[in-house]
Amino acid sequence: MTTPLERWVDEQAKLTKPKKIYWCDGSEKEAQNLIEIGIRDEKIDGTPVFQKLNHTTWPNAYYHRSHPTDVARTEHLTFVCHANKDLAGPNNNWMDPREAKEKLTKLFDGCMRGRTLYVMPYTMGHPGSPYAKDCVQLTDISYVAVSMRIMTRMGKQALDRIGSSDQFVRGLHSVGDFDPNKRFIMHFPDEKLVWSIGSGYGGNALLGKKCFSLRIASYMGLKEGWLAEHMVVLGIEDPQGKVTYITAAMPSACGKTNLAMLESALPGYKIWTLGDDIAWLNIGTDGRLYAINPETGLFGVAPGTSLKTNPNMMHTLKNTKFFPTLFTNTGLDRDTQEPWWEGIGTPAPKNAFDWQGKAWNPSQEAKMAHPNSRFTVSIYNSPTLSKEYDNPQGVPISAIILGGRRTQLIPLVLESLSWQHGVFLGTRAGSETTAAASGQVGVVRRDPMAMIPFCGYNMGDYFGHWLNIGKRLKHPPKIFTVNWFRTDEDGEYIWPGFGDNIRVLKWMLDRIDGRVEAKETALGYVPHLKDLHVQDLKIPQHDLEKLFAVHPAEWKQELENIERFLIQFGEHTPPEMWQEHKDLCAALNHAVKV
Ligand code: GTP
Ligand code: SPV
Ligand code: MN
């Protein structure tokens with residue numbers, strides 16, 4: 001008797017026509033073999049898929065250089081194929097599912113000729129968790145197979161859980177010939193199915209990550225009453241040893257990994273890491289919101305990571321507990337075989353390859369590492385891993401942070417006046433685009449809850465779903481916004497960021513526990529500066545004030561942009577969000593007059 005899984009794999013193999021089919025068991029030995037295959041047999045544009053790095057200074061580390069056109073998520077090639085276009089909403093590219101299948105069937109036909117088809121059973125979430133989900137991804141490149149071992153619970157245990165069931169999330173992936181004109185990431189939410197071809201890059205190719213755990217899962221959450229979010233999960237321990245758990249949504253490359261592993265600048269405070277990218281939020285029987293991180297790995301931005309900015313990550317990258325650690329599209333020191341990136345904190349090597357494998361010329365403007373170069377490492381290698389990480393129920397959440405990257409306008413920190421107002425703060429969020437997605441960098445786009453590229457259905461309904469979740473919570477978390485990125489007249493960041501962000505988190509704890517008052521403004525509650533514990537930072541008072549300055553005239557354009565954004569969703573935008581928009585306009589108008 002064949003199982004539904006075996007039948008599905010067989011069908012996909014008939015379509016893609018690989019030379020060989022290999023079922024992954026998720027073991028370390030297997031990962032070592034896959035890396036050997038990547039070093040020896042598999043190539044991208046003539047370059048081996050893996051190169052061994054210097055194991056004296058970077059134990060267990062391997063280098064991967066992707067196809068030069070394939071270095072970031074490609075949102076314009078990503079589609080959410082609901083039967084009905086309105087369900088996908090204006091926030092998604094849409095294609096009729098039949099048309100999408102037809103188009104991609106042609107591209108998948110024979111795409112694995114001469115290659116190995118790797119079958120990867122995996123579970124998102126702890127296998128003991130009521131919230132865990134079983135999945136299978138097929139791929140044809142060792143880099144994706146090894147990455148999935150790091151990022152998910154992949155292997156025999158997942159296979160046993162699936163058994164003869166047909167209830168598993170399906171992902172078919174092939175790098176094809178890396179042709180950007182034949183690159184598509186297609187989601188079929190009704191079938192819990194993803195088809196991805198033409199890219200080997202993270203969010204396009206590791207289908208358990210953005211494709212399943214956000215786009216498909218967010219739609220499951222809508223129907224089942226939970227939330228799948230682009231959020232960090234962390235615990236903050238205070239000097240008395242009390243740990244408070246929070247989540248934080250921030251757009252891609254806006255500080256989640258750094259926040260998740262923050263080394264506190266304030267004595268007595270400590271951060272415990274549970275997740276750096278994705279949170280699944282469920283309502284517990286006690287009426288509180290509980291978070292799990294469905295992933296097991298960190299796929300983080302390399303540039304800017306150093307012993308000074310993120311020492312815990314630097315230690316994680318050198319920890320050998322869980323094999324291996326991967327570096328993708330960083331620079332490479334040709335003499336020492338060490339990875340290098342801008343902001344690593346050591347001088348650039350003289351004799352180096354840039355991220356494209358070309359001899360690096362320091363006199364040129366070009367960066368050695370791609371701005372979206374990344375590392376892939378197990379979360380179990382983190383010295384700050386929370387002891388609650390494997391708790392199947394997750395952790396109870398006391399605060400939700402909604403962040404963004406704004407050089408102007410948005411204050412360092414705000415507390416919402418209510419859950420509904422908090423949902424509006426998320427809804428009205430904008431952020432400057434980064435290198436994590438292909439396209440122009442540094443332009444403000446609306447990015448509610450950091451989910452604009454990841455919400456697998458009409459975002460108007462998503463705002464309504466957030467409001468409904470709030471109504472069902474007996475003890476809703478407080479909602480805050482943060483912005484570490486406000487700049488002064490010279491374009492310099494005013495706020496030191498990184499380890500000093502604990503000062504903002506401490507204020508949040510003080511608010512949660514009712515230890516300090518806050519100042520009500522047109523935008524929401526802000527701290528009294530004396531409560532921020534910044535005295536030792538020696539930031540001039542007028543700069544501190546700039547971090548919170550509200551210029552109602554500058555807000556005029558922002559309010560128009562928000563209105564234009566919300567109008568797109570028509571009837572789907574909840575009236576509560578329009579009410580909040582109206583209230584904000586009135587409060588800012590009032591602020592101009594006084
Ligand atoms: P994704 O993995 O794309 O979802 O990104 P992320 O949100 O995890 O971002 P990450 O923490 O990797 O940070 C991205 C970039 O922002 C890096 O270059 C960091 O050095 C920089 N960064 C992070 N936190 C801060 C901060 O507090 N202040 C400043 N100025 N930069 C920061
Ligand atoms: C992001 O872009 O938000 C990431 C990296 O976390 S990716 O896996 O490509 O989505
Ligand atoms: Mn992300």
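Here the structure is a predicted model, which is why all the values come from computation and not from measurement.

1. Topic: the packing of helix 2 (residues 28-40) against helix 5 (residues 142-151)
The axes of two packed helices give the description: the angle between them and the distance between them. Remark: helix 2 packs on helix 5, axes separated minimally by 9 Å, with the N-to-C direction vectors making an angle of 155 degrees. Between helix 2 and helix 5, the crossing angle belongs to the class labelled roughly antiparallel. Relative to helix 5, the crossing made by helix 2 is left-handed. Along the contact surface, helix 2 presents E28, A31, L34, I35 and G38, while helix 5 presents S142, A145, V146 and R149. Looking at the contact of helix 2 with helix 5 residue by residue, the class counts come to 5 nonpolar, 2 polar and 2 charged.

2. Describing helix 15 (residues 552-567)
Across its 16 residues, helix 15 extends 22 Å between first and last C-alpha, which sits within 8% of the 22 Å expected from 1.5 Å per residue. Among the residues making up helix 15, those that are buried are W555, E558, L559, I562, F565 and L566. Elements in contact with the buried residues of helix 15: helix 11 (419-427), strand 28 (444-446), helix 12 (459-472) and helix 16 (575-593).

3. Side note on the side chain of T3
Its place among the elements puts T3 in the segment before helix 1 (4-16). Taking the relative accessible area as the measure of exposure, T3 reaches 19% and is therefore buried. Those residues in contact with T3, other than ones at most four positions away along the chain, are G163 and S164.

4. Points about the sheet that holds strand 20 (residues 325-328)
Spatial ordering of the open sheet is given by 4-5-20-24-19, a layout of 5 strands whose pairing is mixed. A single partner strand is all that each edge strand has here, and the edge strands are strand 4 (51-52) and strand 19 (297-301). Relative to strand 5 (residues 61-64), strand 4 runs antiparallel, the two sharing 2 bridges. Residue Q51 lies in a different strand from strand 5, and its bridge partner there is Y63.

5. Some points on the coordination of the manganese ion (ligand 3)
The protein atoms that coordinate the manganese ion (ligand 3) are K210 (NZ), H230 (NE2) and D277 (OD), at distances of 2.1 to 2.6 Å. Considering all 6 donor atoms around the manganese ion (ligand 3), the spread of angles at the metal, 67 to 170 degrees, places the coordination shape in the irregular class. All donors to the manganese ion (ligand 3) come from one chain, and their sequence spacing reads K-x19-H-x46-D. Linking K210 in helix 8 (residues 208-224) with D277 in the loop between strand 16 (270-275) and strand 17 (279-283), this pair joins segments that are 67 residues apart in sequence. Judged by relative accessible area, K210 falls into the buried class, the value being 6%.

6. A word on the packing of aromatic side chains
What the rule picks out here adds up to 23 aromatic pairs. Site record: aromatic cluster; members linked through ring pairs are Y219, W419, Y457, Y462, F463, W466, F565 and F569. The ring of W58 has K318 lying over it, and the distance from NZ or CZ to the ring centre is 4.2 Å.

7. Topic: the site of ligand 1
In the region of ligand 1, 22 residues are neighbours, and A253, K256, T257, N258 and R374 sit closest. The backbone of F498 places a nitrogen or oxygen atom 2.9 Å from an oxygen atom of ligand 1. A distance of 3.0 Å is found between an oxygen atom of ligand 1 and a side-chain nitrogen or oxygen belonging to N501. Computed on the free molecule, ligand 1 has an accessible area of 660 Å², of which 91% lies beneath the protein chains in the complex. Of all the elements in the fold, those that place two or more residues in the shell around ligand 1 are helix 9 (256-260) and strand 19. Here the element with the most residues in the shell around ligand 1 is helix 9; it accounts for 3 residues. Residues that form the shell around ligand 1 fall into these classes: 10 nonpolar, 8 polar and 4 charged. When residues are assigned to domains, the shell around ligand 1 turns out to be shared by domain 2 (229-295 + 389-593) and domain 3 (297-381), each giving three or more.

8. A look at the environment of P392
Within the secondary structure, P392 is located in the loop between strand 24 (374-378) and strand 25 (395-403). When neighbours within four sequence positions are excluded, P392 is seen to be in contact with H126, G128, S129, P130, Y131 and I292.

9. Some points on the sheet that holds strand 23 (residues 352-353)
Note: strands within a sheet are paired through backbone hydrogen bonds, in either parallel or antiparallel orientation. If you walk across this open sheet you meet the 3 strands as 22-21-23, and the pairing is antiparallel. Two strands lie at the open edges of the sheet, namely strand 22 (339-340) and strand 23, each paired on one side alone. Note: strand 21 (residues 331-333) against strand 23, 2 bridges, orientation antiparallel. Bridge pairing in strand 23 links D333 to A352.

10. What about the pattern of salt bridges?
Taken as a whole, this structure holds 31 salt bridges when the rule is applied. Between R98 and D96 there is a salt bridge; the shortest N-O distance is 3.7 Å. Exposure remark for R98: the relative accessible area of 65% places this residue in the exposed category. Within this structure, K209, K210, K256, D277 and E295 form a network of salt bridges that share partners.

11. Let's talk about the site of ligand 2
Around ligand 2 there are 13 residues in total, and R73, Y201, G203, K210 and S252 lie nearest to it. A distance of 3.0 Å separates an oxygen atom of ligand 2 from a polar side-chain atom of Y201. Within the backbone of G203, an N or O atom sits 2.9 Å from an oxygen atom of ligand 2. When the free accessible area of ligand 2 is taken as 280 Å², the share hidden by the protein chains comes to 98%. Elements supplying a minimum of two residues to the shell around ligand 2: helix 7 (202-205) and helix 8. Residue composition of the shell around ligand 2, grouped by class: 4 nonpolar, 4 polar and 5 charged. Each of domain 1 (4-47 + 72-225) and domain 2 (229-295 + 389-593) contributes no fewer than three residues to the shell around ligand 2.

12. Some thoughts on the domain arrangement of the chain
Examined at the domain level, the chain breaks down into domain 1 (4-47 + 72-225), domain 2 (229-295 + 389-593) and domain 3 (297-381). Computed from C-alpha coordinates alone, the two centres of domain 1 and domain 2 are separated by 32 Å. Contacts between the two partners involve 38 residues from domain 1, matched on the other side by 35 residues from domain 2. Of the roughly 3100 Å² buried between domain 1 and domain 2, counting both surfaces, carbon and sulfur atoms make up 53%. The largest per-residue losses of area from domain 1 upon contact with domain 2 belong to N91, Y131 and L214, which jointly make up 22% of the total buried on that side.

13. Quick notes on unusual backbone geometry
Cis geometry marks the peptide bond from F323 to P324, where omega comes out at -15 degrees. For P324, the position within the fold is in the loop between helix 10 (311-318) and strand 20. Phi is positive for F178, which is not a glycine, with a value near 60 degrees. For F178, the location among the structural elements is in the loop between strand 10 (169-174) and strand 11 (184-188). Of note in the backbone geometry, K192 takes a positive phi value of approximately 50 degrees without being a glycine.

Rules behind the numbers
Residues numbered from 1 in each chain as written. Chains lettered and ligands numbered in written order. Predicted model: local features only at pLDDT ≥ 70, side-chain atom pairs only at ≥ 80, totals over all residues. Heavy atoms only, no water. Axes fitted to C-alpha atoms, helices over the stretch in contact; angles between N-to-C directions. Helix = DSSP H or I, 4+ residues; strand = E, 2+ residues; numbered from the N terminus. Parallel < 35°, antiparallel > 145°, perpendicular 65-115°, else oblique. Left-handed = near helix turned anticlockwise from the far one by under 90°. Contact = heavy atoms within 4.5 Å. Nonpolar A, V, L, I, M, F, W, Y, C, P; charged D, E, K, R; others polar. Expected span 1.5 Å × (residues − 1). Buried < 20%, exposed > 50% of the residue type's maximum accessible area, 1.4 Å probe, protein only. Pairing = 2+ DSSP bridges. Donors = N, O, S within 2.8 Å, 3.2 Å for Na, K, Ca; no water. Tetrahedral: all angles 85-135°; square planar, octahedral: opposite > 155°, others 65-115°. Phe/Tyr/Trp six-rings, centres within 6.5 Å; stacked < 30°, edge-to-face > 60°. Lys NZ or Arg CZ within 6 Å of the ring centre and 35° of its normal. Near = heavy atom within 4 Å. Polar contact = N/O pair within 3.5 Å; in protein donor to acceptor, adjacent residues only side chain to side chain. Areas by Shrake-Rupley, 256 points an atom, 1.4 Å probe, with all protein chains shown as cover. Domains from an automatic or database assignment. Salt bridge = Lys/Arg side-chain N within 4 Å of Asp/Glu carboxyl O. Buried area = accessible area lost by both parts, 1.4 Å probe.

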